[in-house]
Amino acid sequence: MSYRFSEKEQNVTPKEAFLNRRQIMKGLGLAAIAASAPKVAFSADQNVPPPAWLDKKVRSTVYRSVKADDPITDAYDAKSYNNFYEFGTAKEDPSRYAHEFNPYPWEIEVSGECEKPGKLSLEDLISSRSLEERIYRLRCVEAWSMVIPWTGIELKTLLASFQPTSKAKYVAFESIVRPEELRGQKGRFSTIEWPYIEGLRIDEAMHPLAFMAVGMYGEPVPAQNGAPIRLVVPWKYGFKSIKSIVRIRFTEEQPATTWNLANPREYGFYSNVNPGQPHPRWSQARERRIGAGGKIERIPTQMFNGYTEVADLYKDMNLSEYI
Ligand SMILES: Nc1nc2c(c(=O)[nH]1)N[C@H]1C(S)=C(S)[C@@H](COP(=O)(O)O)O[C@H]1N2
Ligand SMILES: [Mo]
């Protein structure tokens, strides 16, 4: 199978947008940007296989609780055109190097303002719960989008089990740091600061649409998409949906977040999808939808990515101030 994204990538991400987002990062010279990636075959079965219990649980999930009307993006595209800087900054890096990362076994450490902090295995967190499937639109801040079926649990269900206290005003998330397996984290190639960190206000985190995924297209989430467990917040730009989570912390203060630290003027803490609020360097009014059959369509972007039921969370806020 030949790699078939080099041409599409140019269509999908406005070139100057993509280059500029990279250029703000230290340690990445023009040479690295200009170097074209060799065409490589991508094979999902190069991934380290998931444990049997997880594979079985995800594959046997039939309850589909949320559906997008939009045609679903081909699995191949969703698994080979990725942003996961731990593997590198090019869209093909995550799928290409996914096999170098072994996410099993996995633990998440929960701390901060809660009654039941602790270290839990993925199995402790997931195996006793029933999973559901949700088809969500994913809108990247770079103005491309996909429609992806996720398998997992409501974030609220997970968070509630740790019994957050009344001081828990925010939830902070942290991704894994393992430079031996994640070549994007090796000094020479380092880009953003590690670990990748993200956060939500507690009421956003408790919204029924906020989701923790362990599966995608009816299979365990592959490494390039954030194995074994990642956040999916469909009404916010894709970078809020942090991958490969190892730490969750309940906090009283608003936590720092990776892209906001990298460039606070361009990436806010909230980062709700908002077609009326242009990114300082490009419009957010439209997006390039990577749809079924690899078809790319330019379509209007919807407020909150179409998930207008979250509007109440922001009713007292000026959304051009709280970007
Ligand atoms: N840890 C981590 N999480 C991350 C990223 C990343 O680089 N590192 N990229 C984000 C961005 S910019 C997007 S658009 C989505 C992409 O998710 P996908 O590759 O599964 O489509 O993951 C987000 N989560
Ligand atoms: Mo993104």
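These figures come from a predicted structure and were not determined experimentally. (Residues numbered from 1 in each chain as written. Chains lettered and ligands numbered in written order. Predicted model: local features only at pLDDT ≥ 70, side-chain atom pairs only at ≥ 80, totals over all residues. Heavy atoms only, no water.)

**Details of the site of ligand 1**
Contacts to ligand 1 come from 17 residues, most closely from Asn82, Tyr85, Glu86, Ser175 and Lys243. One of the side-chain nitrogen or oxygen atoms of Arg230 is found 2.9 Å away from an oxygen atom of ligand 1. Here a nitrogen atom of ligand 1 sits 2.9 Å away from a polar atom, N or O, in the main chain of Ser241. Compared with its free state, where it exposes 540 Å², ligand 1 has 99% of that area covered by protein. Spatially, ligand 1 is embedded in the largest cavity. For the shell around ligand 1, a count of residues per class yields seven nonpolar, six polar and four charged. (Near = heavy atom within 4 Å. Polar contact = N/O pair within 3.5 Å; in protein donor to acceptor, adjacent residues only side chain to side chain. Areas by Shrake-Rupley, 256 points an atom, 1.4 Å probe, with all protein chains shown as cover. 1 Å grid on protein atoms, 1.4 Å probe; cavity = no way out; pocket = protein on both sides within 12 Å on 5 of 7 lines; lining within 4 Å. Sits in = over half its atoms within 2 Å of the grid points. Nonpolar A, V, L, I, M, F, W, Y, C, P; charged D, E, K, R; others polar.)

**As for the side chain of Thr301**
Examined against the element boundaries, Thr301 turns out to sit in the segment after strand S13 (296–300). A polar side-chain atom of Thr301 sits 3.5 Å from the main-chain carbonyl oxygen of Gln284. Apart from residues lying up to four places away in sequence, Thr301 is in contact with Arg139, Val273, Pro275, Gln284, Ala285, Arg286 and Glu287. (Helix = DSSP H or I, 4+ residues; strand = E, 2+ residues; numbered from the N terminus. Contact = heavy atoms within 4.5 Å.)

**Quick notes on the sheet that holds strand S7 (residues 197–201)**
Taken in spatial order, the five strands of this open sheet run S3-S2-S11-S6-S7, and their pairing is mixed. Only two strands of the sheet have a single neighbouring strand rather than two, namely strand S3 (118–121) and S7. Shown here is a sheet whose adjacent strand axes are inclined to one another by a mean of 20 degrees, direction ignored. Alignment of strand S6 (residues 170–175) against strand S11 (residues 245–251), held across six bridges, turns out to be antiparallel. (Pairing = 2+ DSSP bridges. Axes fitted to C-alpha atoms, helices over the stretch in contact; angles between N-to-C directions.)

**Looking at the pattern of salt bridges**
Going through the model one piece at a time under the given rule, you end up with 21 salt bridges. As a salt-bridge pair, Arg183 and Glu100 come within 2.7 Å of each other at their nearest N and O atoms. Of the two residues, Arg183 sits in the loop between S6 and S7 while Glu100 sits in the loop between helix H6 (93–97) and strand S2 (107–112), which places them 83 residues apart along the sequence. Given the relative accessible area of 30%, Arg183 is considered partly exposed. Under the relative-accessibility criterion, Glu100 is labelled partly exposed at 26%. (Salt bridge = Lys/Arg side-chain N within 4 Å of Asp/Glu carboxyl O. Buried < 20%, exposed > 50% of the residue type's maximum accessible area, 1.4 Å probe, protein only.)

**Remarks on the pairing of strand S12 (residues 286–290)**
As paired strands, strand S5 (residues 144–154) and S12 are joined by two bridges and run parallel to one another. Considered in S12, the bridge of Ser145 is made with Arg289. Where S12 lies against S13, five bridges are found, and the strand directions are antiparallel. Among the inter-strand pairings, Arg286 is bridged to a residue of S13, identified as Pro300. The hairpin formed by S12 and S13 contains five residues between the paired strands, and Gly293 there has a positive phi angle of roughly 65 degrees.

**Side note on the nonpolar core**
One recurring pattern in soluble globular proteins: nonpolar side chains tend to sit buried together. Core analysis: the biggest nonpolar cluster contains 82 residues, and Phe173, Met212, Trp235 and Ile248 have the highest contact counts within it. If sequence neighbours within four positions are ignored, Ile248 has contacts with Ile108, Glu109, Val110, Ser111, Leu158, Leu159, Val171, Ala172, Phe173 and Met212. (Core = buried A, V, L, I, M, F, W, Y, C linked by side-chain atoms within 4.5 Å.)

**Section: the UniProt feature "binding site: Mo-molybdopterin" (unreviewed entry) in the protein chain**
The feature "binding site: Mo-molybdopterin" (unreviewed entry), as annotated in UniProt, sits at Asn82, Tyr85, Glu86, Cys140, Ser175, Asn225, Arg230, Ser241, Ile242 and Lys243 in this numbering. Lining of the largest cavity among the annotated residues: Asn82, Tyr85, Glu86, Cys140, Ser175, Asn225, Arg230, Ser241, Ile242 and Lys243. Structurally, Asn225 is set in the loop between strand S9 (219–220) and strand S10 (230–232). Setting aside chain neighbours within four positions, we find Asn225 in contact with Ala78, Lys79, Asn82, Met216, Arg230 and Lys243. Relative accessible area serves as the criterion here: at 0%, Ile242 is assigned to the buried category. Setting aside residues no more than four positions away along its own chain, Ile242 makes contact with Phe173, Glu174, Ser175, Tyr196, Ile197, Glu198, Arg230 and Leu231. (UniProt positions renumbered as here; feature names shortened; annotations may be inferred.)

**Here we look at helix H4 (residues 52–59)**
Side chains of residues three or four places apart in an α-helix project in the same direction, reflecting 3.6 residues per turn. Where H4 is concerned, the buried positions are Leu54, Lys57 and Val58. The arc that holds every buried residue of H4, seen down its axis, measures 95 degrees, which confines them to one face. In this structure, H4 carries Ala52 and Lys56 as exposed residues pointing more than 90 degrees from its buried face. Check the buried side of H4 and you find it contacts helix H7 (122–126), S5, strand S8 (211–216) and S9. (Arc of directions from axis to C-beta.)

**Observations concerning unusual backbone geometry**
The step from Tyr104 to Pro105 runs through a cis peptide bond, and the omega angle for that step is -5 degrees. Positionally, Pro105 belongs in the loop between H6 and S2. The amide bond that connects Trp194 to the next residue, Pro195, takes the cis arrangement and shows omega of -5 degrees. On the secondary structure map, Pro195 appears in the loop between S6 and S7. Of note, the phi angle at Ala143 is positive, near 80 degrees, even though the residue is not glycine. In this fold, Ala143 is placed in the loop between strand S4 (132–139) and S5. Of note, Asn305 is a non-glycine position whose phi angle comes to about 55 degrees, a positive value. Of note, Asn305 is situated in the segment after S13. Classification of Asn305 as buried rests on a relative accessible area of 2%.

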